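Here are the chains, one letter per residue:
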Amino acid sequence: MFSLRSCYSSRKEWINISFVGRLAGISRSYVKASKKKAGQVIKTRRGKQLEAASQPKAFGFGNFSKLHAPKETLKEISENAIKNISSFESLRIFPSVRAAMIEEIKEKYDLKNTYVKGKSELEIKPSPIQVAAIKKINQPRLRNVNNVNKAPSNDIYKDIKMNNEAKRLKIFTIAAETGSGKTWAYLAPVLSKLKEDDLASYAISETEYQKEKNSQTIRCLILVPTHELVEQVYECVRRASTVPFDVSTELNEKQLKDPVLTSFLQREDQAESLNLNVAKWSAGDPHTRLFDMCKKRVDVLVTTPAKVQGLAKLNNVPRPFRYINQIEYCVIDEADTLMDSSWSASTLGVVRHMPRCKDLIFCSATIPREFNRTLQMVFPDKNSLIHVVTPSIHKIPKKIELKIIDAQLSPYNGSKTRCLAQALYAINKDGTEQGYVKRVIVFVNEKKDVEPLAETLIHRFGHRKEDIVGVTGSQDAEERAFKLESFLQPAQRIEDDPYNSKIRVLVTTDLLARGLNFTGVKNVILMDLPRTSVDLVHRVGRTGRMRQSGRVFIIIDKKTGKSWIKGLPKIVKRGIPLA
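Below or above, wherever it landed, is the structure these notes cover.

Definitions and cut-offs
Residues numbered from 1 in each chain as written. Predicted model: local features only at pLDDT ≥ 70, side-chain atom pairs only at ≥ 80, totals over all residues. Heavy atoms only, no water. Core = buried A, V, L, I, M, F, W, Y, C linked by side-chain atoms within 4.5 Å. Buried < 20%, exposed > 50% of the residue type's maximum accessible area, 1.4 Å probe, protein only. Helix = DSSP H or I, 4+ residues; strand = E, 2+ residues; numbered from the N terminus. Domains from an automatic or database assignment. Contact = heavy atoms within 4.5 Å. Pairing = 2+ DSSP bridges. Axes fitted to C-alpha atoms, helices over the stretch in contact; angles between N-to-C directions. Parallel < 35°, antiparallel > 145°, perpendicular 65-115°, else oblique. Left-handed = near helix turned anticlockwise from the far one by under 90°. Nonpolar A, V, L, I, M, F, W, Y, C, P; charged D, E, K, R; others polar. Salt bridge = Lys/Arg side-chain N within 4 Å of Asp/Glu carboxyl O. Polar contact = N/O pair within 3.5 Å; in protein donor to acceptor, adjacent residues only side chain to side chain.

Right, let's get into the nonpolar core. Soluble globular proteins tend to bury their nonpolar side chains together. Core analysis: the biggest nonpolar cluster contains 95 residues, and Ile222 and Phe518 have the highest contact counts within it. The element that contributes the greatest number of residues to this core is helix H7 (residues 182-204), accounting for 10 residues. Both domains that meet at this core, namely domain 1 (72-389) and domain 2 (400-574), each give it at least three residues. Those residues in contact with Ile222 that sit more than four places away from it in its chain are Tyr186, Leu187, Val233, Val300, Leu301, Val302, Thr303 and Val331. Counting 40 residues, the second-largest nonpolar core is a separate cluster that includes Ala279, Leu311, Val317 and Phe362.

Given below as structure tokens:
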């Protein structure tokens, strides 16, 4: 994949950076192995054996390496699927879903630092993971019925086989770099399936359509790890569900000739919007809220595994999982978190209560080794698993500029907080984002360090209290939502900001490193080195989203003792995946 020695200008630099057993997981023995012919065995100084690969690639060992490297064939399959697709019109997406998706993406697009005058001028193109995932998940089910035409001329036999295929559980895993548009990579096919199901019932009869529409059920469940993500995903689907649809402008010539489709989309309830009932079940919501919502069909429910599993405690409620039992489509977002050792019991417990589920989608920015092992253990039949990965998985986007700041150097003299204060001052004065409130996210490892660091910035380094925000899991969801609001929205002009702020700083932990779309946040600072490469990918991924630029500053000191981190900027520039 690369020649490691070419990354450094001298032998001295090679020795100082020392990647051995750490981030890139590349040892001297492995570099030696990469120069040998494929299949040749090389003995290391410790007597271990390495087999030379046909292409050298980063691999990991030690405490820091936690990522699973997907097979190159999977990347090649996705790369081939992505080629020649440059618009959503080339993908199999239900017409009204396509229109709603494009409008929703435009709504959240950050126009700052662009030459586009208005959102109407934006040309929205699918990202690689959106192309690969939509093509895989939206394949018609009956295409996969093996030898159905070769079966005996027995209509009953064929009906059974096709019916089984239509109801068979398919398990998809979607993995792509952070900020690549994964939410719509699963929403587009799932919402399309919901609309196709509506169209199918309408094609039978108006009576059947109304019957399905008035049923008391949940059709699709989206599970996320935090209540902040519940709110974010819910708002995304809710906004999309309100977009009106114009048959005359949105359908192509072939679709206009389909009498059932045009008749369906010209219905008043379809022309006004997607006509999907979207609901959230979040922090503080009692179980009665869920049951009340289900008196009317819920098309999409966004919640956490813990909320659903809590239904098991309702001993005085008959069949507490009766609505969950009817779900046909389920998405497990941030799957690397929801399938780790602390969450997997709750997550899989929910899955077991969905016997009618047809599509189960795991979505994540990373593929931890633990996640891969758990998946293989729960679903041992490899034929039921359909993997979708992008060629850039586990790579930090090149548009993110990564800088290492050594607090041991003068004038910091070992003080990381002084180093942080200087970095914030430099960001405030660097001439970027002119006229807008700059937002900065600062990550620490322990929640006990959040408030003291925020207080230090205010009382010791002169920041205004309203400009420094500390968020931890100890705060309730409502308080966290209030503090995060200005970071999750596009940047405001200084004159429009209620506090007239020039810079606003969020101090937090990995609680907020997963999935949250900090719209247009350009600067991230890591006060503490992440414990694993998984955490590193997620923290860095809070900036540089959807192919936009960003900066990440990593502060190190003598206590950190990780000299290999100094080589991380060169790994990013060379497009080398983390191990």
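Okay, back to it.
What follows concerns the sheet that holds strand E14 (residues 523-526). In space, the 6 strands of this open sheet follow the order E10-E15-E14-E11-E13-E12, with parallel pairing throughout. Bordering the open sheet on either side are strand E10 (400-406) and strand E12 (468-470), each of which pairs with just one other strand. Across the sheet, the mean angle from the axis of one strand to that of its neighbour is 20 degrees, orientation sign disregarded. Each of strand E11 (438-443), E12 and strand E13 (503-508) touches helix H20 (residues 450-459); the most contacted strand, E12, lies at about 170 degrees to it. Seen against the sheet, helix H22 (residues 533-540) touches E10, E11, E14 and strand E15 (550-556) and runs at an angle of roughly 150 degrees to E14.

This part takes up helix H5 (residues 128-137). Most of H5 is tucked away: 7 of the 10 residues are buried. For H5, the full list of buried residues reads Ile129, Gln130, Val131, Ala132, Ala133, Ile134 and Ile137.

Let's shift gears to the sheet that holds strand E5 (residues 278-280). An order of E5-E6-E4-E7-E8-E3-E9 is seen for the 7 strands of this open sheet, with the pairing classed as parallel. With partners counted over all chains shown, the strands left at the sheet margins are E5 and strand E9 (385-389), one partner each. Put simply, the sheet's adjacent strands are angled 15 degrees from each other on average, direction ignored. Relative to E9, strand E3 (residues 170-175) runs parallel, the two sharing 5 bridges. Looking at E9, one finds that Thr173 is bridged to His387.

The next thing to look at is the environment of Val505. Among the structural elements, Val505 can be located in strand E13. When the C-alpha atoms of Val505 and Ala454 are compared, they prove to be 8.8 Å apart, with 51 residues separating the residues in sequence. The residues touching Val505, leaving out its near neighbours within four places in the chain, are Leu424, Val440, Val442, Asp467, Ile468, Val469 and Phe487.

Between helix H9 (residues 227-241) and helix H21 (residues 477-488), whose axes approach to 10 Å, the crossing angle comes to 55 degrees. By the angle between their directions, the pair H9 and H21 is classed as oblique. Both H9 and H21 take part in a crossing whose hand is right-handed. In contact with His227, Glu228 and Gln232 of H9, H21 contributes Ala477, Arg480, Leu484 and Leu488. Grouping the constituent residues of the contact of H9 with H21 by class yields 3 nonpolar, 2 polar and 2 charged.

Once that is clear, we can look at the pattern of salt bridges. Per the stated rule, a full pass over the model turns up 33 salt bridges. Between Arg267 and Glu206 there is a salt bridge, with its nearest N and O atoms 2.8 Å apart. In this pair, Arg267 is assigned in the loop between helix H12 (259-265) and helix H13 (268-271) and Glu206 in helix H8 (residues 206-213), connecting sequence segments 61 residues apart. A relative accessible area of 37% places Glu206 in the partly exposed class. Taking the shortest distance from any N to any O, the salt bridge between Asp269 and Lys213 comes out at 3.0 Å. Taken together, the residues span a long stretch of sequence, with Asp269 in helix H13 and Lys213 in helix H8 at a distance of 56 residues. A single network of salt bridges, built from pairs that share partners, joins Lys195, Asp198, Arg219, Arg297 and Asp299.

This part is about the side chain of Asp497. Position of Asp497 relative to the elements: it lies in the loop between H21 and E13. Since its relative accessible area comes to 6%, Asp497 is described here as buried. Polar side-chain contacts of Asp497 include one of 3.0 Å to the backbone nitrogen of Ser501.

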